[in-house]
Amino acid sequence: MGLIIFKNFIFDPIFTILYFPVWWYSLGFLKFFNFLKKNIKEVSCPFVFKILIANLFKPMYGDWSREGRIISFFMRIIHLSWQIFKIVIFLIISLVLLIGYLFLPLLIFYEIICHLDNSCRYFFFPPII
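Residues numbered from 1 in each chain as written. Predicted model: local features only at pLDDT ≥ 70, side-chain atom pairs only at ≥ 80, totals over all residues. Heavy atoms only, no water.

### Quick word on the overall build of the protein chain
Here comes step 1: Broken down by element type, the protein chain carries four helices and zero strands.
Here comes step 2: The helix and strand sequence of the protein chain, counted from the amino end, reads α-α-α-α.
Here comes step 3: Relative to the compact-globule value of 14 Å for 129 residues, the protein chain shows a C-alpha radius of gyration of 26 Å, a clear excess of over 25%.
Here comes step 4: Each of the three principal axes of the protein chain carries a C-alpha extent, and together these read 85 × 40 × 20 Å.
Here comes step 5: Taking all 129 residues of the protein chain together, the buried fraction comes to 16%. (Helix = DSSP H or I, 4+ residues; strand = E, 2+ residues; numbered from the N terminus. Rg over C-alpha atoms; globule rule 2.2 N^0.38 Å. Buried < 20%, exposed > 50% of the residue type's maximum accessible area, 1.4 Å probe, protein only.)

This is the structure in structure tokens:
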């Protein structure tokens, strides 16, 4: 009975606190990175670029006149530009989230130490309370 109480109330919380940084920067980081990679693949569907580039000079809706070809070309250029812009914005947001994921435990640890000490200089944000 005493061993179960020791394991559940003393050993497990201490082990969990000590194991958290190891998990955060190894398995947790890989899970988060794979999540971002999956979302980037969903946003940047590879078939869109192949189809847009293959049909770049083909007229839309079977309009083979000169005006139809010019309008189709520029519309596909605008569509391709929009797809590239969307992917670049999503990549920037993903990189900011990834960097935030890496620095979040350090920031939390810094804030905990500052609140316990009450004499820290605040480099990131002034105290709220």
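### Observations regarding the packing of helix H1 (residues 2–25) against helix H2 (residues 27–43)
Here comes step 1: Interaxial distance between H1 and H2 falls to 3 Å at its minimum, and their mutual angle equals 35°. Along its contact with H1, which presents Tyr19, Trp23, Trp24 and Tyr25, the element H2 presents Leu27, Gly28 and Phe29.
Here comes step 2: Class assignment for the residues of the contact of H1 with H2 results in six nonpolar, one polar and no charged. (Axes fitted to C-alpha atoms, helices over the stretch in contact; angles between N-to-C directions. Contact = heavy atoms within 4.5 Å. Nonpolar A, V, L, I, M, F, W, Y, C, P; charged D, E, K, R; others polar.)

### Here we look at the packing of aromatic side chains
When we look at a pair of aromatic rings, we describe it by the centre distance and by the angle of the planes.
Here comes step 1: Counted under the stated rule, the structure contains 11 aromatic pairs.
Here comes step 2: Seen from their ring centres, Phe29 and Phe33 are 6.2 Å apart, and the 20° between their planes marks the pair as stacked. Of this pair, Phe29 and Phe33 both sit in helix H2, four residues apart, roughly one helical turn.
Here comes step 3: The exposure class assigned to Phe29 is partly exposed, which follows from its relative accessible area of 22%.
Here comes step 4: Residues Phe29 and Tyr101 carry aromatic rings whose centres are separated by 6.3 Å and whose planes lie at 40° to one another, so their mutual orientation is tilted. Within this pair, whereas Phe29 is found in helix H2, its partner Tyr101 is found in helix H4 (residues 66–117), the two being separated by 72 residues in sequence. (Phe/Tyr/Trp six-rings, centres within 6.5 Å; stacked < 30°, edge-to-face > 60°.)

### Considering the nonpolar core
Here comes step 1: Of all hydrophobic cores here, the largest spans five residues; its members are Trp24, Phe32, Leu36, Leu98 and Tyr101.
Here comes step 2: Those elements giving two or more residues to this core turn out to be H2 and H4.
Here comes step 3: Ignoring anything within four residues of it in the chain, the contact list for Leu98 reads Phe29, Phe32, Phe33 and Leu36. (Core = buried A, V, L, I, M, F, W, Y, C linked by side-chain atoms within 4.5 Å.)

### Remarks on the packing of helix H3 (residues 46–54) against H4
Here comes step 1: Put simply, H3 and H4 touch, their axes get as near as 10 Å, and they point 155° apart. If you check the angle between H3 and H4, you find them roughly antiparallel. When the axes of H3 and H4 are compared, the crossing they make is left-handed. Contacts between H3 and H4 involve Val48, Phe49 and Leu52 on the former and, on the latter, Arg76, His79, Leu80, Gln83, Ile84 and Ile87.
Here comes step 2: Here the contact of H3 with H4 is built from residues that sort into six nonpolar, two polar and one charged. (Parallel < 35°, antiparallel > 145°, perpendicular 65-115°, else oblique. Left-handed = near helix turned anticlockwise from the far one by under 90°.)

### Notes on the side chain of Ser72
Here comes step 1: On the secondary structure map, Ser72 appears in helix H4.
Here comes step 2: A relative accessible area of 3% places Ser72 in the buried class.
Here comes step 3: Sequence-distant contacts of Ser72, that is, excluding residues within four places in its chain, are made with Lys58, Pro59 and Met60.

### Some words on the environment of Arg76
Here comes step 1: Inspection of the secondary structure assignment puts Arg76 in helix H4.
Here comes step 2: As for Arg76 and Val48, which are separated by 28 residues in sequence, their C-alpha atoms are 11 Å apart.
Here comes step 3: Excluding residues within four positions of it along the chain, Arg76 makes contact with Leu52, Asn55, Leu56, Lys58, Pro59 and Met60.

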